[in-house]
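Here are the chains, one letter per residue:
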Amino acid sequence: MRHVILGTAGHIDHGKTALIKALTQIDCDSHKEEKERGITINLGFAHMNLPSGESVGIVDVPGHKDFIKTMVAGAFGIDIVLLVVAGDSGIMPQTREHFRILELLGVTTGIIVITKKDLVDEEMLELVELEIEELIDGSPFESAPVIKVSSITGEGLDELVKVISETVFQIKDKSSRDIFRMYIDRVFNVKGIGYVVTGSILGGHLETGANLYLLPGKGKQLKVRAMERHGLAVDRVESGDRAALNLSGFKMEDYQRGMVLTDRILEETSMIDATFRLFAEEQLGVWSKVIFYSGTFESAAKMHVLNKDGLQKGESVIVQIHLEKPVVLLNKDKFILRNSSNDLTLGGGVIMDIKPLHHRRRTPKLIQALTDLAEATLNSDQQFKIIKIELNKEKRPVFADELAESLKLQPSELLYECTENNDGTVIIRNISGKDILISRDVQHEYETTIASLLKHHHEAHFLIDEGLDANELTGKLGLKEIESAKIYLPDLLESMEKKGVVRKVRNTWSLRDHQVMIDKKTQQQINWLENTLLNYNKQTPLNKEIEAGAYQQKISREHLKLLLKYMVHDGKICTSEGEYIHANIVEEVKKKLMLVLAEKERGINEKEFRLLFDSTKSFVKTMIRMLADEGLITKSEFYIHITEKGKNYLDK
Ligand SMILES: Nc1nc2c(ncn2[C@@H]2O[C@H](COP(=O)(O)OP(=O)(O)OP(=O)(O)O)[C@@H](O)[C@H]2O)c(=O)[nH]1
Ligand SMILES: [Mg+2]
């Protein structure tokens, strides 16, 4: 089954609605005011059953110049246009305006229909044909068929139906895997059934019973109770169908024109980067006030031209658009801009970034990046380039799922693109089952920064073989809050180890070539410190006293800390809560105490401990902490006891 929507376009009174009626027997001008004025005001909807059995949806748009926004909403999502030109008047202003809008909306398949054949002679028809040729020359419609009909006599209609049937089969199948999206173009309440909304499905598919969201908004869940496609009840609709959905949960107070129904919650935006082509006879400066249209959405906006100082008719530029109202859009969506007084269609373009940074300054680097993105956006086979640009924007490791979500791609599609079309600039790492992407340049920067961080660390701690642990490095790289970095960085460090840049020292990472170097002067300082601590014997020296001694030795406080740390690492001294005792003394006390404790069933208290060694209270407290940490003793409220581990120690 084909899923194709046909739309009309053309100047007022040229016979669009009459043509649809002649083809389908459906009168799209159903409103009272339309009947009275004899013009189309609202979008009209119909469907047509082709001889092949296919059914195509039809959207009939108004031609009046005041209803361009309605025309844009109707033309959004159509696949084939019937560009109607009346034989008795030829190309008129809205013929041209609609024609350009269609081109900008990416509608590239069409049939030109010359109507009112019954009112004109051959000569006049030839003239109109010449005008049409001129209009379509060099456009995507250059080779579109031109059919002459009369909706009154029916002449030419059979041929038109034949051409429509052929054209329907030229439309490429759309992907029904995409996100389901449908701008609502009509809402009505059917007694006993509830609210029904209609629209052209822009992507994805939908089954009865599915959940939908009305966006932008509170994200309230709606349920599809029943559906119709082209007037018939169905259980499934998809991209390229006109559909009527009966929704449970839908409330008029939640709805505003311009909202879209989706099958998942999509982020709203009010700032976009886009390409823009000006087709109106106008000159625009760097900043312009405009009205933005995409689908049924409309908002006042400001347009900032980024890569030029202004633009003339026919020029294409890169712009940032600031919308007054939030909207849900997807990259590659098309849009139309009108001037702020809404009497002139300026042009339109393609959205390339729905969540850009705010570009305050137009730097050459920014312009280059945006130019690349524009090229990738306009070129559908450049998906990988878009992925790369989005990744470069992040400047950090990103989960594949996360990136796919922001690009509105399936994770599998993203990974496929990154493996099939990768030019080596994007690195994919699979770490504990998670795919993480990072740009090669960013990874290279990390490697350089890590090496330099470690170098500085080693310089400042030259007596210590340890470097920094993965956690400290994550923090120093500014990645602390980044979930993906927590698994990415340890993996990166391991790969740097394989490359011979770093090595593991206990739980830290050091530069592979880092070695502890002790010069003569440092050795003297170490000896002095060691003697000092030995001389204190079983009295823990207060830090203040060590510092005072060091000061006399011309050792700075920082350097003293480093010496102490080195000696702890080296096993010469022991430390607990900032107190230091020489390792030999710890060993001596340990042995004797264990022997005593092994004999004393009830254990000993702190005072007895102190008397045993003729030491100070603070020495005893520090020793108890050290031995308890080692697991050799336990301490109840008053007494110290030997543990099993302590007994084993004695046996050794
Ligand atoms: N004689 C003749 N009259 C036609 C033909 N097609 C349309 N008309 C008449 O032209 C007038 C305008 O036709 P519509 O179909 O309403 O024109 P439209 O393009 O839909 O106009 P808008 O929707 O307002 O832009 C009506 O009075 C039609 O009856 C035709 O092929 N022959
Ligand atoms: Mg009409």
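In this text the structure is predicted, and so the values were computed from the model without any measurement.

Novice: Could you clarify how one ought to interpret the packing of aromatic side chains in this entry?
Specialist: To describe a pair of aromatic rings, you give the distance between the ring centres and the angle between the ring planes. The tally for this structure, following the rule as stated, stands at eight aromatic pairs. On the basis of an interplanar angle of 90° and a centroid distance of 5.7 Å, the ring pair of Phe76 and Tyr183 is categorised as edge-to-face. One end of the pair, Phe76, is in the loop between α3 (68-75) and β4 (80-86); the other, Tyr183, is in strand β7 (residues 181-183), and 107 residues separate them in sequence. An aromatic cluster is defined as three or more aromatic residues linked by ring pairs; in this entry it consists of Tyr195, Phe250 and Tyr255. Taking the ring centre of Phe279 as reference, the NZ or CZ of Arg100 above it sits at 5.5 Å. A cation over an aromatic ring shows up here: Lys434 above the ring of Phe399, its NZ or CZ 4.8 Å from the ring centre.

Novice: Hey, could you run me through the sheet that holds strand β25 (residues 434-439) in this one?
Specialist: Backbone-to-backbone hydrogen bonds pair the strands of a sheet. The strands run either parallel or antiparallel. Within the open sheet, the three strands sit side by side as β23-β25-β24. Their pairing is antiparallel. The sheet is open, and its two edges are formed by β23 (398-399) and β24 (426-431), each paired on a single side. Where β24 and β25 come together, six bridges link them in antiparallel fashion. The residue of β25 that forms the bridge with Val426 is Ser439. Relative to β25, helix α8 (residues 383-394) is tilted by about 80°, and along the sheet it contacts β23, β24 and β25.

Novice: Is there a simple way to think about empty space enclosed by the protein in this case?
Specialist: A probe matching the size of a water molecule, rolled over the atoms, marks out where space remains unfilled. In total, this model carries three cavities of 30 Å³ or more according to the counting rule given. Of the voids in this model, the largest cavity is the one considered here, and its volume is about 60 Å³. Of the residues belonging to the lining of the largest cavity, the class tally is four nonpolar, three polar and two charged.

Novice: When you look at helix α15 (residues 543-552) in this model, what are you seeing that I'm missing?
Specialist: One turn of the α-helix equals 3.6 residues, which is why residues spaced by three or four share an orientation. Ile546, Gly549 and Ala550 are the residues of α15 that are buried. Here the buried residues of α15 occupy an arc of 100° about the axis, which is enough to place them on one side. Seen from the open side of α15, the exposed residues pointing more than 90 degrees away from its buried face are Lys544, Tyr551 and Gln552. Of the surrounding secondary structure, the elements contacted by the buried residues of α15 are α14 (520-536) and α16 (557-569). Positive backbone phi, approximately 65°, marks Lys554, located one or two places after α15.

Novice: Quick question: what am I supposed to make of α3 here?
Specialist: Within α3, seven of the eight residues are buried, which leaves the element mostly enclosed by the surrounding structure. Those residues of α3 that sit buried are Ile68, Thr70, Met71, Val72, Ala73, Gly74 and Ala75. Against the buried residues of α3 lie β3 (55-60), α4 (93-104), β18 (287-294), β21 (334-339) and β22 (345-353). Where α3 terminates, the next one or two residues include Gly77, which has phi positive at roughly 95°.

Novice: Help me understand a negative patch on the surface in this model?
Specialist: Negative charge collects at one region of the surface, where Glu131, Glu133, Glu134, Asp137 and Glu142 lie side by side. As for its position among the elements, Glu134 is in helix α5 (residues 122-136).

Novice: Teacher, can you tell me more about the layout of surface pockets here?
Specialist: If you add up the space inside the second largest pocket, you get close to 660 Å³. Looking at the second largest pocket, it is lined by 19 residues, and the ones nearest its centre are Lys365, Ala369, Asn392, Lys393 and Lys395. If you list the elements that add at least two residues to the lining of the second largest pocket, you get α7 (364-378) and α8. Ranked by residues supplied to the lining of the second largest pocket, first place goes to α7 with seven residues. Per-class residue counts for the lining of the second largest pocket are seven nonpolar, four polar and eight charged.

Novice: It is not clear to me how the site of ligand 1 should be interpreted in this structure. Could you clarify?
Specialist: Of all residues adjacent to ligand 1, which total 18 residues, the nearest are Lys16, Thr17, Ala18, Thr40 and Gly63. Within the contact set of ligand 1, an oxygen atom lies 3.2 Å away from a backbone nitrogen or oxygen of His14. Backbone polar atom of Gly15 to an oxygen atom of ligand 1: 3.0 Å apart, as the coordinates give it. Burial of ligand 1 by the protein chains amounts to 80% of its free accessible area of 650 Å².

The rules behind these values
- Residues numbered from 1 in each chain as written.
- Chains lettered and ligands numbered in written order.
- Predicted model: local features only at pLDDT ≥ 70, side-chain atom pairs only at ≥ 80, totals over all residues.
- Heavy atoms only, no water.
- Phe/Tyr/Trp six-rings, centres within 6.5 Å; stacked < 30°, edge-to-face > 60°.
- Helix = DSSP H or I, 4+ residues; strand = E, 2+ residues; numbered from the N terminus.
- Lys NZ or Arg CZ within 6 Å of the ring centre and 35° of its normal.
- Pairing = 2+ DSSP bridges.
- Contact = heavy atoms within 4.5 Å.
- Axes fitted to C-alpha atoms, helices over the stretch in contact; angles between N-to-C directions.
- 1 Å grid on protein atoms, 1.4 Å probe; cavity = no way out; pocket = protein on both sides within 12 Å on 5 of 7 lines; lining within 4 Å.
- Points joined across faces, edges and corners; volume = space filled by probe spheres on them.
- Nonpolar A, V, L, I, M, F, W, Y, C, P; charged D, E, K, R; others polar.
- Buried < 20%, exposed > 50% of the residue type's maximum accessible area, 1.4 Å probe, protein only.
- Arc of directions from axis to C-beta.
- Patch = residues over 30% accessible without salt bridge, like charges linked within 9 Å, V, L, I, M, F, W, Y side chains within 5 Å.
- Areas by Shrake-Rupley, 256 points an atom, 1.4 Å probe, with all protein chains shown as cover.
- Salt bridge = Lys/Arg side-chain N within 4 Å of Asp/Glu carboxyl O.
- Lys, Arg positive; Asp, Glu negative; His and termini not counted.
- Charge placed at Lys NZ, Arg CZ, Asp CG, Glu CD.
- Near = heavy atom within 4 Å.
- Polar contact = N/O pair within 3.5 Å; in protein donor to acceptor, adjacent residues only side chain to side chain.

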